Amino acid sequence: MLSACIALLMGSLSSCNKKTETEEDIYMPASSVAVTNFSLKSKNGSKVKLDSVFFSIDLNRGVIFNADSLPVGTDITKLVPVISYSPSASAVTLTQSGGKTTGEIDYKTNPSDSVDFSGKVVLKITAEDKTTTRSYDIKVNVHKLEPDSLVWDQLAVTQMPSRQGNPKSQKTVMYNGRPYSLINEADNSYTMSVATDILQGVWDKLPLTLDFEPDVRSLNATSKQMYLLDAGGVLHTSSDGVSWDNTGCVWTNIIGAYGDIMLGIRNEGGTLMHTCWPTDSGYAEAEVSSDFPVADYSDFVQFSNRWTTLPIGFMTGGRLADGSFTDKTWGFDGDHWAVLSEGMTPPVAGPTLVPYYVYRKTTSSLVQKEFSVWMMIGGLRHDGYYNRTIYVSYDNGVNWYAADTQMQLPDHFPALRDLDGIVAEWPKQASLQSNWTDTPSRGLPGMARVKYSVEDYEVYWDCPYIYIFGGVKSNGALNDEVWRGVLNRLTFTPQF
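Below is a summary of the structure that appears in this document. Keep in mind it's a predicted model, so treat the numbers as computed, not measured.

1. Some details on the side chain of Ser393
Okay, so step 1: Following the sequence through the fold, Ser393 ends up in strand β31 (residues 391-393).
Okay, so step 2: Only 2.7 Å separates the side chain of Ser393 from the backbone nitrogen of Gly397, close enough to count as a polar contact.
Okay, so step 3: Among residues more than four places away in sequence, those in contact with Ser393 are Ser372, Val373, Trp374, Val398, Asn399 and Trp400.

2. Comments concerning the nonpolar core
Okay, so step 1: If you look at the biggest cluster of nonpolar residues, it comprises 41 residues, and the most contacted ones within it are Leu150, Tyr356, Met375, Tyr467 and Ile468.
Okay, so step 2: Of all the secondary-structure elements, those providing two or more residues to this core are β9 (150-152), β28 (352-361), β29 (368-377), β33 (417-431), β35 (458-472) and β36 (481-487).
Okay, so step 3: Here this core takes eight residues from β35, the largest share from any one element.
Okay, so step 4: Excluding residues within four positions of it along the chain, Tyr467 makes contact with Ile198, Leu199, Asp420, Gly421, Ile422, Ala424, Trp426, Val482, Trp483 and Arg484.
Okay, so step 5: Leu40, Val53, Phe55 and Ile105 belong to the second-largest nonpolar core, a separate cluster that totals 31 residues.

3. Examining the sheet that holds strand β2 (residues 56-58)
Okay, so step 1: The strand order β2-β3-β8-β7-β5-β6 describes an open sheet built from six strands, whose pairing is mixed. Whereas interior strands pair on both sides, the edge strands pair on one side only; in this sheet they are β2 and β6 (103-106). The sheet shows a mean angle of 20 degrees between the axes of neighbouring strands, direction not considered.
Okay, so step 2: Sheet topology note: the strand β7 (residues 120-126)/strand β8 (residues 133-139) ladder contains six bridges and is antiparallel. Bridge pairing in β8 places Thr126 opposite Thr133.

4. Overview of the pairing of β6
Okay, so step 1: Direction of pairing for strand β5 (residues 91-97) relative to β6: antiparallel, over a ladder of four bridges. Of the residues in β6, the one forming a bridge with Thr93 is Asp106.
Okay, so step 2: Hairpin geometry of β5 and β6 is characterised by an intervening segment of five residues between the two adjacent antiparallel strands and by a positive phi of about 80 degrees at Gly98.

Rules behind the numbers
- Residues numbered from 1 in each chain as written.
- Predicted model: local features only at pLDDT ≥ 70, side-chain atom pairs only at ≥ 80, totals over all residues.
- Heavy atoms only, no water.
- Helix = DSSP H or I, 4+ residues; strand = E, 2+ residues; numbered from the N terminus.
- Polar contact = N/O pair within 3.5 Å; in protein donor to acceptor, adjacent residues only side chain to side chain.
- Contact = heavy atoms within 4.5 Å.
- Core = buried A, V, L, I, M, F, W, Y, C linked by side-chain atoms within 4.5 Å.
- Buried < 20%, exposed > 50% of the residue type's maximum accessible area, 1.4 Å probe, protein only.
- Pairing = 2+ DSSP bridges.
- Axes fitted to C-alpha atoms, helices over the stretch in contact; angles between N-to-C directions.

Here's what the structure looks like:
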């Protein structure tokens with residue numbers, strides 16, 4: 001099926017190019033020299049079910065390859081291929097070069113001979129007339145990287161986008177599709193840095209002239225407005241992050257955006273109340289329960305699915321009014337708050353939530369199924385230690401699990417609380433003519449589904465990277481860095 005799709009794709013590309021090709025320009029191999037099936041025999045001692053590996057046959061370009069690469073370290077120096085071709089073929093040979101073994105195999109006579117696929121292997125079929133021939137490049141792909149490892153590249157670390165260096169605190173949010181970082185500079189001035197190109201680390205660093213002292217960590221945003229508390233709890237709004245208006249409302253905390261309204265907590269005569277802005281949004285205020293976190297909770301995030309008529313928002317962790325830590329995840333449906341889960345993570349304060357993806361094996365030894373997940377990263381645990389375990393939720397906060405080992409933070413990643421995480425897409429490209437070395441991804445689910453285009457035999461796609469901003473280290477100092485991470489699998493060439 002894949003070979004047919006690629007053949008159709010290449011035909012579409014030909015019709016779109018400026019050069020007009022006639023039917024005579026397109027090579028169609030005679031059936032007498034066509035390969036109709038290619039597979040591998042199983043091998044004793046191999047952890048991979050080699051006979052279940054699917055190979056695509058591109059007759060137009062003469063390429064046979066497995067789109068789903070074999071696991072890292074798979075030995076491909078002695079594999080036995082099973083090739084189907086016309087019984088009228090007069091000769092079938094396999095030529096090995098550039099690997100551990102070189103030479104030619106007469107496959108028609110010796111179909112059980114092993115082949116070294118560590119180098120170049122060319123299959124040549126000669127028709128009954130002994131004149132018509134067709135050659136195929138055979139590529140047995142093996143992963144060069146562990147596909148399901150979440151990699152945090154130390155070479156990709158950059159400094160926080162401050163004007164002076166050595167900032168005291170920061171908060172980064174997404175607003176109008178771009179990261180905005182509010183930074184308290186070393187001299188106690190303030191900067192609003194806006195990423196014009198986060199991929200290249202290009203920021204507009206705008207000095208702020210404020211008539212109030214901002215609570216930097218309270219910064220939040222809806223799709224239309226940014227929100228910020230001052231040191232006295234007065235709520236301010238802005239459309240550009242530079243000019244701020246006083247709403248006159250006094251809150252103790254901002255929770256986060258639910259659609260176009262901002263949720264928060266205010267104190268009414270010693271009683272904490274759930275509230276929102278704008279105040280005429282139809283939201284009925286209610287008393288905050290004693291087990292609801294009032295500080296240091298995670299980002300408040302939202303999701304929608306076919307079972308919900310309104311978005312659902314949730315957050316996890318934080319501190320209660322008595323100062324204790326919580327392990328509960330709270331959800332909001334537009335009217336009411338409810339506990340979604342508890343006891344599945346350690347009580348933690350100051351984590352971040354990031355939407356991302358994980359892959360799990362199906363019944364096949366190679367095929368992976370993709371899942372959208374929320375990742376909880378960082379935070380200070382109730383026992384005083386920093387949380388270095390990444391937890392994932394497949395069901396929007398209802399259940400949490402420690403991520404697989406290859407998804408966990410490396411030793412070189414700093415222990416952090418009060419960190420901010422966002423996902424941004426990085427453009428990539430690869431050649432359809434030569435790039436048969438990596439396993440394609442099968443497209444991302446939901447709003448971040450991988451987008452790709454094809455032009456002149458090049459495929460272009462957007463790869464989602466995680467960016468971690470700031471955070472407070474165990475010594476209480478701001479982590480003046482931006483880290484970038486990615487799941488290796490998502491960097492591989494898309495499969496159509």
